[in-house]
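Below, each chain spelled out in residue letters.
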Amino acid sequence: MEDVTDAGIYARESSYLDRYVQFGAASGRILSVSFPTTPEDNAESDHPVLDRIFEYLDGLEEIEFDDVQVALTVPTDQRAVLEQVREIPYGEQVDVKALARMTPELDPDDEDDIILVRTALDENPAPILIPDHRVRDGPSAAPPTVEQRLRSLEGL
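Here's a quick rundown of the structure. Quick caveat: nothing in here was measured; it's all calculated off a predicted structure.

With that out of the way, let us pick up the side chain of Ser14. Looking at where Ser14 falls in the secondary structure, it is placed in strand 1 (residues 8-14). A polar contact is formed between the side chain of Ser14 and the backbone nitrogen of Leu17, at a distance of 3.0 Å. Residue contacts for Ser14: discarding those within four places in its chain leaves Arg19, Tyr20, Val21, Phe54 and Leu57.

This is the structure in C-alpha cells:
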C-alpha cells in the first residue's frame, strides 16, 4: 500500500463494532488506532486506510494490513513483540508463550519475558493493524467488546 501521506485524524462509524474506528496519521505512518464512541471534532472520514479497515470489518474476505506503515513509538523490546504479532495470519491465533517463542531473544519460560509480551500487547498503539486480538490469552489494547468482535469476525 502507498504510504499514508495525509496527516490528520480520521474516523468512521462502524455498526459492527458499535463505535467509531479512529486513527491518527503523520509522516507517512499510522500513529495510533482507537475505538471511541464519539470521534474527535476535527476527524475526517475519507482515507484509504479507513477503507481497508472497513473492508476487513465487512468480513467478506481476508484483509491483511502488513503493508500499512505503523509508527511504533514503543521501547525496542516491545516493538520486537508487536512486529511478530503482525506476522500472525488472519484467522489464526497463538498464545502468549508462542508469541514469546516467535520473538527473537525472548524465552517463553522466563516470567520477565512473558510480562514483556503482555505489556507490549496491552500498550499496542494500533489494534487491528497490529492484530493483538489473535493472541488468545493476552491482553488487547482494544476495548473488550471490540476484541471479541474482531475474534468473532476471524472465527477465533
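Attention now goes to a negative patch on the surface. A contiguous patch of negative charge on the surface is contributed by Asp107, Asp110, Glu111 and Asp112. Owing to a relative accessible area of 58%, Asp112 belongs among the exposed residues under this scheme.

Within the structure shown, the criterion is met by six salt bridges. Among the salt bridges present, the one from Asp51 reaches Arg12, with a minimum N-O distance of 2.9 Å. Of the two residues, Asp51 is situated in helix 1 (residues 48-58) and Arg12 in strand 1; the sequence distance between them amounts to 39 residues. Overall, the relative accessible area of 22% leaves Arg12 in the partly exposed class. Between Arg134 and Glu154 there is a salt bridge, with the nearest N and O atoms lying 2.8 Å from each other. Separated by 20 residues along the polypeptide, Arg134 in the loop between helix 4 (111-122) and helix 5 (144-153) and Glu154 in the segment after helix 5 bring together distant segments of the chain. A relative accessible area of 2% means that Arg134 is categorised as buried.

Before going further, it helps to examine the packing of aromatic side chains. As enumerated under the stated definition, the model contains three aromatic pairs in all. Grouped by ring-pair contacts, the aromatic residues Tyr56, Phe65 and Tyr90 constitute a single cluster. Over the ring of Phe54 we find Arg12; its NZ or CZ atom is 5.2 Å from the centre of that ring.

The backbone of Ser27 sits at a positive phi, close to 50°, despite the residue not being glycine. Note on placement: Ser27 falls in the loop between strand 2 (19-26) and strand 3 (29-34). The phi torsion at Ile128 lies on the positive side, around 80°, for a residue other than glycine. The topology assignment puts Ile128 in the loop between helix 4 and helix 5. On the basis of relative accessibility, which here comes to 3%, the residue Ile128 falls in the buried class.

As paired elements, strand 1 and strand 2 share seven bridges and run antiparallel to each other. Paired with Ile9 across the bridge in strand 2 is Gly24. Counting the residues between successive antiparallel strands, the hairpin from strand 1 to strand 2 contains four residues, one of them, Asp18, with a positive phi of roughly 60°.

To continue, consider the sheet that holds strand 2. An order of 1-2-3 is seen for the three strands of this open sheet, with the pairing classed as antiparallel. The open sheet has two edge strands with one neighbour each: strand 1 and strand 3. Across this sheet, the average inter-strand angle for adjacent strands is 20°, counted without regard to direction. As judged from the five bridges shared by strand 2 and strand 3, these two strands associate in the antiparallel manner. Residue Phe23 lies in a different strand from strand 3, and its bridge partner there is Val33. In this fold helix 1 packs onto strand 1, strand 2 and strand 3, with an angle of close to 25° to the strand it touches most, strand 1.

What counts, and at which threshold
- Residues numbered from 1 in each chain as written.
- Predicted model: local features only at pLDDT ≥ 70, side-chain atom pairs only at ≥ 80, totals over all residues.
- Heavy atoms only, no water.
- Helix = DSSP H or I, 4+ residues; strand = E, 2+ residues; numbered from the N terminus.
- Polar contact = N/O pair within 3.5 Å; in protein donor to acceptor, adjacent residues only side chain to side chain.
- Contact = heavy atoms within 4.5 Å.
- Patch = residues over 30% accessible without salt bridge, like charges linked within 9 Å, V, L, I, M, F, W, Y side chains within 5 Å.
- Areas by Shrake-Rupley, 256 points an atom, 1.4 Å probe, with all protein chains shown as cover.
- Salt bridge = Lys/Arg side-chain N within 4 Å of Asp/Glu carboxyl O.
- Lys, Arg positive; Asp, Glu negative; His and termini not counted.
- Charge placed at Lys NZ, Arg CZ, Asp CG, Glu CD.
- Buried < 20%, exposed > 50% of the residue type's maximum accessible area, 1.4 Å probe, protein only.
- Phe/Tyr/Trp six-rings, centres within 6.5 Å; stacked < 30°, edge-to-face > 60°.
- Lys NZ or Arg CZ within 6 Å of the ring centre and 35° of its normal.
- Pairing = 2+ DSSP bridges.
- Axes fitted to C-alpha atoms, helices over the stretch in contact; angles between N-to-C directions.

In short, shape yes, function no, at least from these values alone.
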